[in-house]
There are 2 protein chains.
Amino acid sequence: MTVTLAQLKNELNRVLLNLSFPPDKADLCATTFASNSRDGVYSHGLNRFPVFVELIKEKLINPLAEPACLERKGMFERWTGNNGLGIYNATRCMERAITLAKKDGIGCVAIQHTNHWMRGGTYGWQAADAGCIGICFTNAIAGMPPWGGDHPTLGNNPLVIAVPRNGGHVVLDMAMSQYSYGKLQEYQLRNENLPFPGGHDTDGNLTTNPASIIQSKRALPIGFWKGSGLALMIDILVTTLSGGRSTQEITNDKKEVGVSQVFICINPNNLDASQIENILDYTKTAGSTTGKHSISYPGENTLRTRKKNDVEGIPVNTEIWERICKM
Amino acid sequence: MTVTLAQLKNELNRVLLNLSFPPDKADLCATTFASNSRDGVYSHGLNRFPVFVELIKEKLINPLAEPACLERKGMFERWTGNNGLGIYNATRCMERAITLAKKDGIGCVAIQHTNHWMRGGTYGWQAADAGCIGICFTNAIAGMPPWGGDHPTLGNNPLVIAVPRNGGHVVLDMAMSQYSYGKLQEYQLRNENLPFPGGHDTDGNLTTNPASIIQSKRALPIGFWKGSGLALMIDILVTTLSGGRSTQEITNDKKEVGVSQVFICINPNNLDASQIENILDYTKTAGSTTGKHSISYPGENTLRTRKKNDVEGIPVNTEIWERICKM
């Protein structure tokens, strides 16, 4: 079944108000979850909403908390999220980084004790909508072994890079694992193998079998040793810049709460839009012999899905939708 | 055969002075090339020096040029390298980013019309030696198809992230291709297959055969579509922020000159050294069932090679060494 963006947003907003969210925060969170589903990121839209509600009920996330600045040095600021809403804190941090960048070219906000921001791309689009380049990254609970290791001590630590563009922003939103556990489960439910190896099995062999990877907990970093190194660097950056919790401390607590994040915004006086168009056009001239894949820029499929879902409605998992309607 | 760091540096310095380099630039370039070999990055040390000398002789790189600031907005600066020495320009840019960050927490310098910086890690170590976090990236001549494409329109666009650490800086220096062409040639010369697929052959099949990839020019981005997206974003960032040349323009000119780069430096008041140690220690607890690989942090092997080569001498390719001694 499908629902409209307004239906989805209104229903989520109602649930959050029942959970005693202040109206502005209920509105922001409902809008963000609904927009994530609208953009095709169902795993961090409606489908994630019940998990979010549970964390609120367990009082692991405080919907009343306000983020606060702990320290300033010029264009760098260190904030605490006070264990509040991840979506709200991330939006405030990118907003602050945008303000710094609009004034002095570049700004950086690191935040400790915040929570899952759901879809990282949300804050990339936010920066790009403000005419700025946005770069942000977060740590996460361990779900991936480092290269050479056999059990997870690295988070998938997503990296977002967004560049504003009139025809549709260019927004890269990528985790450091080749496939998310959500994606592995999708393949498993369809009884399909992965198109490329997505991890090691318990015997240490690369495998395309999603069930083997879910069992071994040995998801593969992109580019083997390279993605492993990049995930580690992201944990070091967010932890030390925010003074917050590392993947180790998050993992020891068993629940993915109290994470650390960094938001960087760059706003030069002139960004030559034609340069971006030329790069995208040139990249697409690479053609394809197999016809198996088309060449798309990061964010292009998101925009296509957004337009499609705006017309045809947003597909929802009926069971989850009905459960939320009864909340 | 092996040589000492001093021998290597003196010999390169002599050649550069003969090419009418100003003494300070000859010294910086000779030191950087020699240090790259000392750190085990032979491909961008002595082995690359003859190519560099050719570009100087062809007047494609001007050793007399000075970089200049074109535009300032607070902590963001746009520079031109005036087609001068890549090593010199990159060192000046990171130096400037360090100065901005030490004053106001973060600084960003984008440079157009510069040249190959050789080993990107050099500028990561430079920032970390100054007690700062350094992030830099560059575009390059096309050598990798985008995901879904069959001929190269993306550079391998290396990304460097460095964090200062007393026991040895943590420095990630990674190109977006799974294997460099230099690495493919090494395997080919040894008549060995790659340990993991490194590209597509001319029929569009993933292959571990280095010769097939050299022939097809279809090197594989790390993480397939993910590294492809990240390489594209890096080209967009360096080109638009510097107002310089994109991979397309570099590639059209057939020679890898006149590239674009970005240098970001972050210098908060407090970086808790114990947090970094805890993260590295925890990551290494992931162990290894196979014993095939050990877990190392980015920069760890570099430091080990540096110490070894300082004691045992720096291994050099005899033919290249003798050629340079006759220059």
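Residues numbered from 1 in each chain as written. Chains lettered and ligands numbered in written order. Predicted model: local features only at pLDDT ≥ 70, side-chain atom pairs only at ≥ 80, totals over all residues.

Draft legend 1. Region of interest: the overall build of chain A. The number of helices and strands found in chain A is 12 helices and 11 strands. The C-alpha atoms of chain A give 20 Å as radius of gyration, which agrees with the globular expectation for 327 residues (20 Å, within 12%). Over its C-alpha atoms, taken along the principal directions, chain A stretches across nearly 50 × 50 × 45 Å. For chain A, with 327 residues in total, the buried portion stands at 57%. Here the analysis covers contacts within chain A between residues at least 6 apart in sequence; of these, 62% occur between residues at least 24 apart. (Helix = DSSP H or I, 4+ residues; strand = E, 2+ residues; numbered from the N terminus. Rg over C-alpha atoms; globule rule 2.2 N^0.38 Å. Buried ≥ 20, exposed ≤ 12 C-beta atoms within 10 Å, placed from the backbone. Contact = placed C-beta atoms within 7 Å.)

Draft legend 2. Summary view of the environment of serine 294 of chain B. Along the polypeptide, serine 294 of chain B turns up in the loop between helix H10 (273-284) and helix H11 (300-312). Separated by 10 residues in sequence, serine 294 of chain B and lysine 284 of chain B place their C-alpha atoms 8.7 Å apart.

Draft legend 3. Spatial organisation of the interface of chain B and chain A. Listed as interface residues are 69 residues of chain B and, on the opposing side, 69 residues of chain A. Mapped by element, the contributors of at least two residues to the side of chain B that touches chain A are strand E2 (68-73), strand E3 (76-80), helix H4 (86-104), strand E4 (106-114), strand E6 (159-163), strand E7 (170-174), helix H8 (225-242) and H10 of chain B. In terms of residue count, H8 of chain B provides more of the side of chain B that touches chain A than any other element does, 12 residues in total.

Draft legend 4. Fine view of the environment of threonine 202 of chain A. Residue and element names in this part refer to chain A. Inspection of the secondary structure assignment puts threonine 202 in the loop between strand E8 (199-200) and strand E9 (206-207). By C-beta crowding, threonine 202 is classed as partly exposed, having 14 other C-beta atoms within 10 Å. In the structure, threonine 202 is positioned 43 residues away from arginine 245 in sequence and 29 Å away in space, judged by C-alpha atoms. Beyond its immediate sequence surroundings of up to four residues, threonine 202 is in contact with Gln215 and Ser216.

Draft legend 5. Summary view of the relation of the copies chain B and chain A. Once chain B is rotated about the relating axis by 180 degrees and shifted along it by 0.0 Å, it coincides with chain A to within an RMSD of 0.0 Å. The transformation just described matches what one would write down for a two-fold rotation axis. Minimal C-alpha distance to the rotation axis in chain B is attained by glycine 223 of chain B, lying at 2.4 Å. When the interface residues of chain B are mapped onto chain A, 100% of them are again interface residues, pointing to one common binding face. (Least-squares fit on C-alpha atoms with pLDDT ≥ 70 in both.)

Draft legend 6. Examining the packing of helix H4 (residues 86-104) of chain A against helix H5 (residues 121-129) of chain A more closely. Residues and elements named next belong to chain A. Running from N to C, H4 and H5 cross one another at 30 degrees; their axes reach a closest spacing of 10 Å. The pairing of H4 with H5 is recorded here as roughly parallel in orientation. Where H4 crosses over H5, the handedness of that crossing is right-handed. For the pair formed by H4 and H5, the contact residues are Ala90, Thr91, Met94 and Ile98 on the first element and Tyr123, Gln126 and Ala127 on the second. (Axes fitted to C-alpha atoms, helices over the stretch in contact; angles between N-to-C directions. Parallel < 35°, antiparallel > 145°, perpendicular 65-115°, else oblique. Left-handed = near helix turned anticlockwise from the far one by under 90°.)

Draft legend 7. Quick look at the pairing of strand E2 (residues 68-73) of chain A. All names here are of chain A. Here E2 pairs with strand E3 (residues 76-80) via five bridges, running antiparallel. Counted as the bridge partner of cysteine 69 is tryptophan 79 from E3. The turn linking E2 back onto E3 is made up of two residues, and glycine 74 within it adopts a positive phi angle of 60 degrees. (Pairing = 2+ DSSP bridges.)

Draft legend 8. Region of the structure containing unusual backbone geometry. Notably, serine 20 of chain A is not glycine yet its phi reads approximately 70 degrees, a positive angle. Mapped onto the elements of the fold, serine 20 of chain A is located in the loop between helix H1 (5-18) and helix H2 (23-38). C-beta crowding within 10 Å serves as the criterion here: with 10 such atoms nearby, serine 20 of chain A is assigned to the exposed category. Look at lysine 59 of chain B: it is not a glycine, yet its phi comes out positive at around 60 degrees. With respect to the helices and strands, the residue lysine 59 of chain B is situated in the loop between helix H3 (49-57) and E2. The class for lysine 59 of chain B is exposed, based on 9 C-beta atoms found within 10 Å.

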